[in-house]
Amino acid sequence: MCGFGAFTCGERWEMAAAQAVEEMRTRVVLGEFGVRNVHTTDFPGNYSGYDDAWDQDRFEKNFRVDIVHMDENTLEFDMVGIDAAIANAFRRILLAEVPTMAVEKVLVYNNTSIVQDEILAHRLGLIPILADPRLFEYRNQGEEEGTEIDTLQFRLQVRCTRNPNAAKDSSDPNELYVNHKVYTRHMTWVPLGNQADVFPEGTIRPVHDDILIAQLRPGQEIDLIMHCVKGIGESPASLPWVGASLIASVHGATKELNWGCCPWHWRITEFLIGKDHAKFSPVATASYRLLPDITLLEPVEGEAAEELSRCFSPGVIEVQEVQGKKVARVANARLDTFSREIFRSEKLKKLVRLARVRDHYIFSVESTGVLPPDVLVSEAVKILMGKCQRFLDELDAVQMD
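Residues numbered from 1 in each chain as written. Predicted model: local features only at pLDDT ≥ 70, side-chain atom pairs only at ≥ 80, totals over all residues. Heavy atoms only, no water.

Some remarks on the side chain of Asp78
And then number 1: Tracing the backbone shows Asp78 in strand S4 (residues 74-80).
And then number 2: By relative accessible area, which is 6% here, Asp78 ends up buried.
And then number 3: The residues contacting Asp78, other than those within four sequence positions of it, are Arg64, Val65, Asp66, Val68, Arg334, His360, Tyr361 and Ile362. (Helix = DSSP H or I, 4+ residues; strand = E, 2+ residues; numbered from the N terminus. Buried < 20%, exposed > 50% of the residue type's maximum accessible area, 1.4 Å probe, protein only. Contact = heavy atoms within 4.5 Å.)

Examining the pairing of strand S3 (residues 64-70)
And then number 1: Here six bridges tie S3 to S4, and the two strands are oriented antiparallel to one another. Bridge assignment links His69 to a residue of S4, and that residue is Glu76.
And then number 2: Between S3 and S4, which pair antiparallel one after the other, the connecting turn spans three residues. (Pairing = 2+ DSSP bridges.)

Considering helix H7 (residues 303-310)
And then number 1: Inspection of H7 places Ala304, Ala305, Leu308 and Ser309 among the buried residues, and these make up the whole buried set. Taken end-on, H7 shows its buried residues confined to a sector of 140°, consistent with a single buried face. Residues of H7 that are exposed and point over 90 degrees away from its buried face: Glu303 and Arg310.
And then number 2: Residues of H7 that are buried make contact with strand S18 (283-296), strand S19 (317-322), strand S20 (325-330) and strand S21 (352-367). (Arc of directions from axis to C-beta.)

Let's talk about the confidence of the model for the chain
And then number 1: Put simply, the chain has an average pLDDT of 85, and 86% of its residues get 70 or more.
And then number 2: Taken as a whole, residues 235-275 scores under 50 in pLDDT and shows 87 contacts with residues more than four places along the chain or in a different chain. (pLDDT = per-residue confidence, 0-100.)

Below is the structure:
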């Protein structure tokens, strides 16, 4: 019996070994000086007595998606029963492969503000446009002129003037000047073709009407046209003004200018913004984290319970009165951010195990406002399904060859 109650030494050892294996398979453990069980190990043949071969029925039984919170622009949901590679694929697709509409070409007729043309084009390109990209086609490479099926056109024409009714001793620009701040509300949609019949008035516009584009002073003016196209954000490192061609009207003749040639009488400047840029990303943030799992290895009572609650985020540890004693318990481990403050206490760090559930992912998606976050997630799923289908088609083609 070995003094272990109803269990023999061998049985106790087997139970401990089984618990250790289960922890290794299902938990990522955070220690004081490192993280254990980081890599996935539940592949076929790695553990004796475990059948880790792929089984679709078992996957469908264990897999689930739970909506935790959703509003107009944010979505928090749990995706349970998948591998990190699949979870990360969803995240990357949300960031870079769900298409949106964004300003791609800027035709500058007049810009006397202090903002250089290329910087102004950059700022305009980053403004989220409220237009469903699923209703548009990709513009073919090399096409100079857009059509109603692949292009949206906006006009921005603002001129700053002095306010004749301003007080003489006023120094407030808001009183002294008219139109001295250029906002996205000044952007006017110019329908192409039959777009006015397809899209009701007011449906095509910037997502936010209070984004500051530039500031002007009396006599300064911005007059330009923007062309928006459908694209994806695969190349966030590219700069929007790389490869731009500058066209100006000089003495009545239009010619292409080099970057070093900057005459004061530019009339028209065209910026051909590079495709596949971060401006096309439909999300402000798309991230995931593993579900926290906090276990108290021993009862924590008295002042230690209060100290323990202060080591975690609010709401994680609850202190209750049990028979006149303060006793700590884990109330909601999900709220914890794992600051690991507990490891500062020599006494408490031995009483708590910090871990994360390996296959439970908490996703947070914040839309830029172009599409609702639930639509973005469903579009990401469709894109991933399309990738899988193309891969299967390639395999079939190789086998036929």
